[in-house]
Structure formats: structure tokens, C-alpha cells
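What the coordinates show
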Amino acid sequence: MKEFKGRVLIPGECSAQALVSHGGFNTLASYQTSFLTGDKKATCSDQNNPDIYKKPMAGVALCLPQTIGSTTGGMILFTAADSGRQPACMLFSKPIDSIGAAGVLLADIWTDAKMPTIDSLGDEFLDYVKTGMNITVKEGGVVQITE
Amino acid sequence: MMRLTTEQQEILDGKKGETYAKIMETLVRYGELFGAEEMAEVTGQYGHLVTSFGLQVIDPVYKLMDELISAGVVSKQKFTMDPRPLDKNVPSGPIKDLVFYKFMYSEQKRYEKQLSKLGLKSSDAFSCACYFEEQGNRPKKGDILSWAESSAVVYANSVLGARCNRNSGIIELFGSILGCVPKFGLLTDEGRKATWRIEVKTSKLPSAQVLGSAIGMKVMEDVPYVFGLDEFLGDKLTPEVCTYLKNFGAATASNGAVGLYHIDKLTPEATELGTKLITDDARTYIIDDAEIKRVIDSYPIIWKNPDAKPKMCFIGCPHLSKTELLGWIHDIYEGVKENGLRTTTVPTVLTSAPGVIESIKGCKEESMAEEIGLTISYICPLMYCDNPLVHSMPIITNSNKLRTYTSCRFYEDDQILDIITGKGRK
């Protein structure tokens with residue numbers, strides 16, 4: 001087991017399998033097709049992100065550097081959360097970006113969804129974690145990873 | 001903790017009701033994540049909202065709007081919107097029409113009614129390029145804005161010298177409602193400094209769409225300071241240069257997350273402050289012809305049949321400026337005629353702002369466009385292309401933003417022109 005510690009943005013605890021995006025997570029591009037097709041697994045539709053393209057995003061521990069792309073991103077995350085298609089948690093290796101921050105806050109304040117969010121976990125976190133690894137998020141910004 | 005004014009604190013404490021308190025809580029917590037110590041007053045005349053589409057599946061947004069309206073919330077400033085997703089002038093078909101109007105965008109009218117109640121500027125205030133003179137939402141240098149729409153924010157910051165963070169949809173509405181935004185990032189002098197030196201060393205002016213894409217993918221959300229473009233663009237913000245920068249910025253913002261760029265000797269802050277805008281530890285990215293080619297070659301082609309004949313072409317994402325719209329009409333018209341054709345070889349849609357389209361009504365270019373079968377529309381091409389019915393359709397575009405979010409295939413301007421005017425076709 002390896003442990004990392006970051007800044008708590010949205011508190012909470014959870015366990016889920018990791019889905020790792022080494023490049024910026026384009027929220028609109030990732031969610032748009034699943035929104036249109038009603039896909040509850042939220043299969044990623046971002047053709048430019050081979051790490052997560054065609055992989056389900058609902059209920060995973062989404063590990064990412066930051067979000068990128070359209071400024072609809074926060075609204076998209078809010079909608080995903082309100083309709084139960086959000087990741088179990090979001091784990092940012094870098095300090096969170098403004099669009100990602102809007103999304104996790106809108107989900108926290110304006111929906112009943114729980115999506116613990118931690119940022120500033122560091123580059124080593126993103127280098128280490130692999131898709132499919134088991135993630136446990138503890139209080140205080142602690143992220144435990146087991147293979 | 002953020003210092004709030006008495007009025008802001010009272011709103012947070014619920015004096016204006018629970019809904020206003022939640023709006024303020026959202027902005028306060030948002031600001032605190034970025035170390036904001038206070039709110040900045042919104043000084044731009046109008047807001048700009050990114051979520052312009054009445055997509056059935058974003059029902060949570062309409063529920064939120066209903067919650068705001070029923071709580072008596074009204075925006076302190078009027079706002080413009082991104083483009084509408086539908087236009088009956090754009091070629092489609094009975095099945096697409098059924099899906100578009102009855103299913104996908106079935107909430108469009110309901111949503112526009114909600115927007116009108118909250119503060120929509122006017123019924124034709126729908127364009128991603130709200131800052132065009134013809135659209136009437138053009139901020140002044142130094143204005144503090146509560147905008148979203150990545151291409152509009154990066155243009156307002158970089159070319160107009162206004163100050164706006166890359167706000168998300170909904171957050172930008174909250175800023176317009178309260179008349180204040182958390183002061184951090186691109187609202188501060190420090191946040192507007194460049195952490196990347198970009199050296200353009202190409203043999204000719206690179207495509208704005210590809211140069212922006214390359215820089216966006218490299219710097220992500222950082223601020224780049226670009227050297228070498230003045231050699232090609234000069235040192236004046238002419239309409240042509242502004243058009244180039246519009247397309248360049250949109251690509252930096254959609255292929256990365258750039259909210260502000262400086263162009264040496266050209267954009268307002270670079271002209272005033274020059275290299276003082278660059279931090280001491282800035283990294284360097286050199287772009288030459290080989291790098292431009294590498295970036296273009298990296299774009300995936302996701303058509304099922306890469307050799308398919310294009311069935312449609314979209315030009316104008318972001319919306320075309322007047323200069324650009326007229327230029328495309330002339331170029332396409334002349335190409336079609338030179339190649340002995342009556343119409344374009346591919347149904348082509350030029351998208352622009354309602355105000356720009358209105359401004360060319362009755363001009364000869366309107367007749368030229370009609371003669372060769374061009375469609376001129378205020379639609380958002382991204383919204384048109386972004387659905388399962390269109391995903392399998394081979395559509396071409398000169399927009400890197402459209403390429404990023406849809407299955408559209410990207411070509412540079414001259415290639416697009418050759419394709420749609422049948423150059424070299426027997």
C-alpha cells in the first residue's frame with residue numbers, strides 16, 4: 001500500500017477503483033456522449049484522451065492533473081452529480097483549476113451527491129497510480145492506494 | 001477566510017433568503033479555494049453565459065433555474081448567451097429534426113423563458129463572440145467580468161484587456177446575480193504574468209487554429225507570452241488581426257485551458273509592459289514548422305471510413321467576425337466559379353453572430369452566398385454535431401475547437417477551401 005496526502009476540497013471518505021487520466025481531463029468532451037445517450041456508466045467520450053476514452057467514469061476514483069476545455073465543465077459535473085453519474089471521488093495531482101473547482105462545489109452545495117475531492121496530491125501520485133488500482137480516501141486528505 | 005462587505009456577509013448569513021445565501025456560499029468557497037481574500041465588484045456592463053442549450057438531459061440546470069426564479073432572484077446585470085443549438089436553415093432531415101426538436105433540445109423554449117426572467121439581454125443575444133461590435137457586449141480595458149465561454153473569456157482578457165477568470169457555467173451567472181466575483185487569478189496583476197515564453201520560429205504565419213492548439217496543449221491553464229507573431233501580424237489590432245487572435249485564443253482554450261495570453265508588441269498589456277509580464281522562472285516552448293506539422297499529425301481521425309467523402313462542412317467556431325464572414329463568402333464564391341461549378345461540392349454552413357448576419361443583409365455577399373448554396377447561420381456547430389445521429393456523419397471543419405469536441409475532421413483554411421470548391425476535381 002502507498003499513501004499520499006493532499007488538500008481537502010470536499011471532505012468525505014470512499015473506496016473505489018482508480019481511473020487515471022495523465023493528461024488534462026476535458027469534462028465536456030468526456031461526458032457529452034453519455035449525457036446524450038443516457039448512459040448511466042458515463043462512458044468517457046473524449047477521443048483525445050486515450051487513457052480514459054471509452055472507460056466508465058461513474059463511481060470511479062478519478063485521478064487527474066486538472067480539468068481542461070469548455071467552461072461548461074462545472075455545469076456538466078453538477079449535472080452528472082445530480083443524476084448519479086459522478087465519480088466516487090476526484091483526486092487532483094495539481095492544485096485544482098477554476099472549472100473543476102466550480103463543478104465540485106456546485107455538486108456539493110446544490111445536489112445531494114457526495115464526491116470527496118482532494119487536490120495537490122503531487123506528480124508522484126499520478127506517476128504511481130494506475131487504472132484499476134484500489135483507492136481509499138480517508139479524512140484529512142489521505143489517499144491510500146493498493147494494487 | 002475571505003473578507004466580505006457588510007452586504008455580502010448579510011447575504012451569506014441568509015438575510016436575503018436561503019437561495020441567495022447558497023449563491024454567496026458557492027462564490028465564497030470558490031474564491032477561498034484559490035486564496036481570494038475579497039470579492040471584486042463586477043464592472044463590465046453585461047455578463048455572458050455559456051450554457052445556451054435546452055438539452056433535455058441537463059434537467060438539473062432547469063431545476064436550479066426554477067429554484068432561483070421562485071426565490072425571486074434576478075441578475076444585477078443583463079447577460080448575453082452562447083449560440084442557440086438549432087436553426088432550421090441548417091441542412092438536416094426529418095429524422096434529425098425530430099430528434100433535435102422533440103428530444104435533444106426539447107427544453108429550449110422553457111430554458112429561454114427562464115433566462116429572460118433572470119436577465120437575458122435580448123432575444124438575439126446568442127453568440128459565443130458576444131464581444132463583436134455587432135453583438136453589443138464588448139467590455140472596456142480593465143473591466144471586471146463575470147463571464148464563461150472559454151473563447152470569449154480568453155479574448156476579453158487578452159485582446160480587450162478586461163479581467164475575467166475562466167469561470168464555469170452557473171458560476172458566471174452567480175457572479176452576475178450578486179454583482180461580485182472572488183478576486184484571484186486573472187483578476188490580479190500577479191495572476192496575469194506569463195509563466196511560458198513561446199517563440200514562434202515558423203517560415204510563415206502559422207494557422208491560428210494550429211498554433212493555438214499547440215500552445216494550449218503545452219501550457220494547459222498557464223499564461224503564455226508569445227514572441228515572433230508580430231513579424232507576421234504587425235503591431236496593430238486590425239479587424240484581420242483580431243480575427244486571427246479570436247481563432248488562436250479559442251484553440252488555446254479548448255485544446256488546453258488558457259484564459260489569457262500576451263502577444264509581444266500587439267496585445268494591450270504586452271504593449272504596455274512588455275517582458276515585465278514574464279516571470280523569472282518562465283519555461284520556453286519553441287514552435288517551428290516541424291512542431292506545427294507534429295501537432296497536426298497528432299490529431300486523431302475518428303471517422304469510421306477515413307476516406308469518406310465529406311457530407312457537410314462547418315466554418316465558424318467560434319462565430320465568424322464580419323471581416324471573416326465576408327472573406328469566406330468571396331473566397332468560396334470565386335473558387336466555385338473558377339472550378340466551373342454552380343455550388344460548393346459539400347453543403348457548407350458559415351456560422352456567425354446574429355448581429356453580424358443582420359449587418360450583411362442586403363449586401364452583395366448575401367446574394368453571392370445564396371447563389372452558390374452557402375448556408376449562413378447563427379447556430380452553434382458544436383451543438384449541432386454533438387449527437388449520435390451526427391457522430392457517424394463525415395463532417396469537415398477548420399475549427400480546432402469543433403475537432404476537439406466532436407467527430408469533425410480538421411483541415412486548415414486553404415485545404416477546406418480546396419475541398420468545398422472542388423479544386424483539382426475532375
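Scoring rules and cut-offs
All residue numbers here refer to positions counted from 1 along the written sequence of the relevant chain. Both sets of labels track the order of writing: A upward for chains, 1 upward for ligands. Confidence filtering applies because this is a predicted model: local features only for residues at pLDDT of at least 70, side-chain atom pairs given and counted only at 80 or more, and all residues used for totals across whole chains, interfaces and linings. By definition, two strands form a pair when at least two bridges between them are found by DSSP. We count a stretch as a helix when DSSP gives it H or I for four or more residues in a row; a strand needs E for two or more, and each element gets its number in order from the N terminus. For helices, the fitted axis covers only the stretch in contact; all axes are lines through C-alpha atoms, and the angles between them, taken along N-to-C directions, range from 0 to 180 degrees. Contact criterion: two residues are in contact if their C-beta atoms, reconstructed from the backbone, are within 7 Å. Each domain's extent is set by a domain assignment, obtained either automatically or from a database. Under this grouping Gly is polar, as are all residues other than the nonpolar Ala, Val, Leu, Ile, Met, Phe, Trp, Tyr, Cys and Pro and the charged Asp, Glu, Lys and Arg.

**Notes on the sheet that holds strand E5 (residues 61-64) of chain A**
All names here are of chain A. Taken in spatial order, the 8 strands of this open sheet run E1-E10-E9-E3-E5-E7-E8-E2, and their pairing is mixed. The sheet is open, and its two borders are formed by strand E1 (2-5) and strand E2 (7-10), each paired with just one other strand. Within this sheet the neighbouring strands show an average axis-to-axis angle of 30°, counted without direction. Where E1 and strand E10 (residues 142-146) come together, 4 bridges link them in antiparallel fashion. When the bridges of E10 are listed, Phe4 appears paired with Val143. On top of the sheet, helix H3 (residues 98-110) reaches E2, strand E7 (89-92) and strand E8 (117-119); it is set at about 55° to E2, its chief contact.

**Some remarks on the interface of chain A and chain B**
Across the boundary between the two partners, chain A contributes 34 residues, which contact 38 residues of chain B. Counting only elements with at least two residues in the side of chain A that touches chain B, the list comes to helix H1 (27-37), helix H2 (73-82) and H3 of chain A. The biggest single contributor to the side of chain A that touches chain B is H3 of chain A, with 9 residues.

**Some details on the domain arrangement of chain B**
All names here are of chain B. Splitting chain B by domain gives domain 1 (40-187), domain 2 (191-297) and domain 3 (312-421). Relative to domain 2, the C-alpha centre of domain 1 lies at a distance of 27 Å. Each side of the interface is counted separately: domain 1 has 17 residues, and domain 2 has 19 residues. For the side of domain 1 that touches domain 2, the residue count by class is 8 nonpolar, 7 polar and 2 charged.

**Quick notes on the sheet that holds strand E8 (residues 278-287) of chain B**
Residue and element names in this part refer to chain B. Here we have 4 strands laid out as an open sheet, ordered E7-E6-E5-E8, and parallel in their pairing. Each edge of the open sheet carries a strand with a single partner, namely strand E7 (262-263) and E8. For strand E5 (residues 194-200) and strand E6 (residues 224-227), the ladder comprises 4 bridges, and the chain directions are parallel. Along E6, the bridge assignment pairs Glu199 with Phe227. Of the strands in this sheet, E5, E6 and E8 are in contact with helix H8 (residues 208-219), which crosses E8 at around 130°.

**Regarding unusual backbone geometry**
Residue Pro318 of chain B is bonded to the preceding Cys317 of chain B through a cis peptide linkage, with omega at 5°. Phi at Ser120 of chain A is positive, roughly 55°, even though this residue is not glycine. By the secondary structure assignment, Ser120 of chain A is in the loop between E8 and helix H4 (123-128). One non-glycine residue, Met220 of chain B, lies in the positive phi region at around 55°. On the secondary structure map, Met220 of chain B appears in the loop between H8 and E6.

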